Amino acid sequence: MAISDIVRTRFAPSPTGYVHVGGLRTALYNYLFAKKHGGKFILRIEDTDQTRLVPGAAENIEKVLEWAGLIPDESPLRGGPFGPYTQSQRLAIYKQYCEQLIAEQKAYYCFSTPEELEEVRKLQLKQGLQPKYNRKWLPESMGGSMPESKIKEALDSGIPKVIRMKIPDGITIKVQDAIRGTVEFDSAVLDDQVLLKADGFPTYHLAVVVDDHLMQITHVIRGEEWLSSTPKHVLLYEFFGWEKPVFAHVPLLLNPDRTKLSKRQGDVAVEDYIKKGFSREALINFVALLGWNPGSGSEQEIFTLEELLERFSLEHIGKSGAIFNLEKLSWIEKEHIRRKSDQELAQAIRPILEEELTRRKPELPIEKITSDEYLTKVAHEMKERVHFIKEFVTFSPYFFFEPETYEKDAVKKRWKENTNALLTELATQLETLPVFTAQEIESALKSFCEAKGIKTGELVHPIRLAVSGVSFGPSLFHMLEILGKEATLRRIKRATERLKGEPLRVES
Ligand code: GLU
């Protein structure tokens, strides 16, 4: 059967829990490749290992893909013309193809018990041999030593059995890989792979080949850890007489010490990064660069999904392992924030603020602080200072909520005996300002300080503390302008009341 003439790629995870960052990268590369070529991106759930299933994991995978903006064209939830897209719902299909292989003498029944297999394995290891099935049940008619009558007897008795593919002896299997070129495997290193297990479920190897064929997958882009399985898949394609897809094995993800990326050395679950507040843009950008580069001497490191779509190609995926560097992810996150317009940031801040508003009462009217105008101003003041979008709310909550505490050391250092009196007097002057702009506030403060014979610094710091509760932040005068006259004066008044006398009510 001819393979589809439009590009069809697939992401085929096993629903064993969280989505691994390496999985997100595989999904992304498949998505980019399909979309770049006007093709289809398919999600298939590979749940044939029933012992590793985690309830809800399959749905979670679709949710994560949606979060990342990598929407499959066909999937278990979306359906499609080649469904079902969940392997456990395709058992009859695998059985039928397995029977075909048996009939054509390309596969055989095996009744060896797990205990027997373990014994054989131990013995082979002891002899310094590579552990492999000893072909006890390979029928005489296929070059083995088991008489057909014995096989029939075992079949009739109904004892548990598996089906194994017969790896041809003495051949070299060539895997054509778009990233690695031709990779050759000696058939002597391959085991007679189980295709159908005793529980009637296929193994990954059978299911992946049957499904990639039936779903008309044209390009199989997956992690390097599957390269060693590919010669078995190539043989299965040949057994069935099917056209092979293009294989592309992307490099392993490594810890900075070049060991294989493991859970122990840091978070590998996409869900953890989402919880930490990383944005889809940054995470997608980050995983894209784990193995791929824009090529032609380009130094560009910040990409949107659209830019990746334009630039992506299999030719620029490297062969060597890709180092997973979390500092880089944080840098990318910041760069994406800087690249967004104030208006775009305002849209991103709003849902985070709205969530916070379910827990805290704002000081300013909700309509005001959730307005485009207000959030755009906050975004403008803070975009150089935050590491995550959520920090627009968590790092500078004072734009929305009155300070509950005042930074202890800063109060000690900046709040002098005469501060309360000076601030109270200044407040009455600020109140008379006809326009409450940064410029007007600044010049009012300057002339006030000149008249009092003090440096502006003596009041700039206490005002910041009074209004924000902390000693650092954006330009003070702009902050006051954004907050507005009323909130500014109210906060100054509150601070003078709260910070009057000892002991100070300060952050502990
Ligand atoms: N089910 C395999 C996995 O969990 C898919 C490997 C492949 O893409 O062929 O990663």
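Residues numbered from 1 in each chain as written. Predicted model: local features only at pLDDT ≥ 70, side-chain atom pairs only at ≥ 80, totals over all residues. Heavy atoms only, no water.

The subject of this paragraph is the sheet that holds strand 7 (residues 194–196). With respect to topology, 3 strands assemble into an open sheet ordered 3-4-7, the strand pairing being antiparallel. The sheet is open, and its two edges are formed by strand 3 (107–110) and strand 7, each paired on a single side. Averaged over all pairs of adjacent strands, the angle between strand axes in this sheet comes to 45°, irrespective of strand direction. Sheet topology note: the strand 3/strand 4 (residues 162–165) ladder contains 4 bridges and is antiparallel. When the bridges of strand 4 are listed, Cys110 appears paired with Val162. (Pairing = 2+ DSSP bridges. Helix = DSSP H or I, 4+ residues; strand = E, 2+ residues; numbered from the N terminus. Axes fitted to C-alpha atoms, helices over the stretch in contact; angles between N-to-C directions.)

Attention shifts here to the site of the ligand. Arg10, Ala12, Ser14, Glu46, Tyr204, Val208, Arg222 and Trp226 make up every residue found near the ligand. Between Ala12 and the ligand, the recorded distance is 2.8 Å, taken from a backbone N or O atom to a nitrogen atom. Residue Arg222 places a side-chain N or O atom 2.9 Å away from an oxygen atom belonging to the ligand. In isolation the ligand offers 300 Å² of accessible surface; the protein chains occlude 83% of this area. (Near = heavy atom within 4 Å. Polar contact = N/O pair within 3.5 Å; in protein donor to acceptor, adjacent residues only side chain to side chain. Areas by Shrake-Rupley, 256 points an atom, 1.4 Å probe, with all protein chains shown as cover.)

Scanning the model with the defined rule gives 0 disulfides in all. Cys98 supplies the cysteine sulfur nearest to Cys110, a cysteine that is in no disulfide, at a spacing of 12 Å. (Disulfide = S-S within 2.5 Å.)

This part takes up the environment of Lys377. Summarising the element assignment, Lys377 is placed in helix 14 (residues 372–382). For the pair Lys377 and Gln343, spaced 34 residues apart in sequence, the C-alpha to C-alpha distance is 8.8 Å.

One pass over the full model with this rule turns up 20 aromatic pairs. Ring centres of Tyr237 and Phe247 lie 6.4 Å apart, and the angle between their planes is 75°; this geometry places the pair in the edge-to-face category. On the criterion of sequence distance, the pair formed by Tyr237 in helix 7 (residues 230–240) and Phe247 in strand 9 (residues 246–250) is long-range, its members being 10 residues apart. Assigned by exposure class, Tyr237 and Phe247 land together as buried. (Phe/Tyr/Trp six-rings, centres within 6.5 Å; stacked < 30°, edge-to-face > 60°. Buried < 20%, exposed > 50% of the residue type's maximum accessible area, 1.4 Å probe, protein only.)

Helix 20 (residues 476–483) packs onto helix 14 with a crossing angle of 170° between their chain directions and a minimal axis gap of 10 Å. Taken together, the axes of helix 14 and helix 20 are roughly antiparallel relative to one another. Contact residues: helix 14 offers Tyr374, Lys377, Val378 and Glu381, while helix 20 offers His478, Ile482 and Leu483. (Parallel < 35°, antiparallel > 145°, perpendicular 65-115°, else oblique. Contact = heavy atoms within 4.5 Å.)

For helix 9 (residues 280–288), the buried fraction is high: 7 of the 9 residues fall into the buried class. Turning to helix 9, its buried residues are Ala282, Leu283, Ile284, Asn285, Phe286, Val287 and Ala288.

Inspection of the entire model under this criterion finds 39 salt bridges. With a shortest N-O distance of 3.0 Å, Arg498 and Glu402 are connected by a salt bridge. Of this pair, Arg498 sits in helix 21 (residues 485–498) while Glu402 sits in the loop between helix 15 (391–394) and helix 16 (408–414), and the two are 96 residues apart along the sequence. For Arg498, a relative accessible area of 23% corresponds to the partly exposed category. In this structure, Glu486 and Arg490 form a salt bridge, with 3.9 Å as the shortest nitrogen-oxygen distance. Pair noted here: Glu486 and Arg490 are both in helix 21, with a separation of 4 residues, about one helical turn. Connected via shared salt-bridge partners are Glu363, Glu402, Glu486, Arg490, Arg491, Arg494 and Arg498. (Salt bridge = Lys/Arg side-chain N within 4 Å of Asp/Glu carboxyl O.)

Regular strands place their side chains on alternate faces of the sheet. Looking at chain direction, strand 1 (residues 8–11) and strand 2 (residues 40–43) are connected through 4 bridges and run parallel. Residue pairing for strand 2: Phe11 is matched across the bridge by Leu43. Note on the crossover from strand 1 through helix 1 (residues 21–36) to strand 2: the handedness is right-handed. (Right-handed = clockwise from strand over helix to strand, strands pointing away.)

Bringing the nonpolar core into the picture now. Counting residues in each nonpolar core, the largest one holds 56 residues, and the members touching the most others are Tyr374, Phe392, Phe399, Phe400, Leu430, Leu459 and Ile463. Dropping the residues within four chain positions of it, Leu430 is found in contact with Phe436, Ile441, Ala444, Lys485, Leu489 and Ile492. If you look at the next biggest cluster of nonpolar residues, it comprises 52 residues, including Ile221, Ala288, Leu289 and Ile332. (Core = buried A, V, L, I, M, F, W, Y, C linked by side-chain atoms within 4.5 Å.)

Remember, this is a structural readout, not a statement about activity or role.
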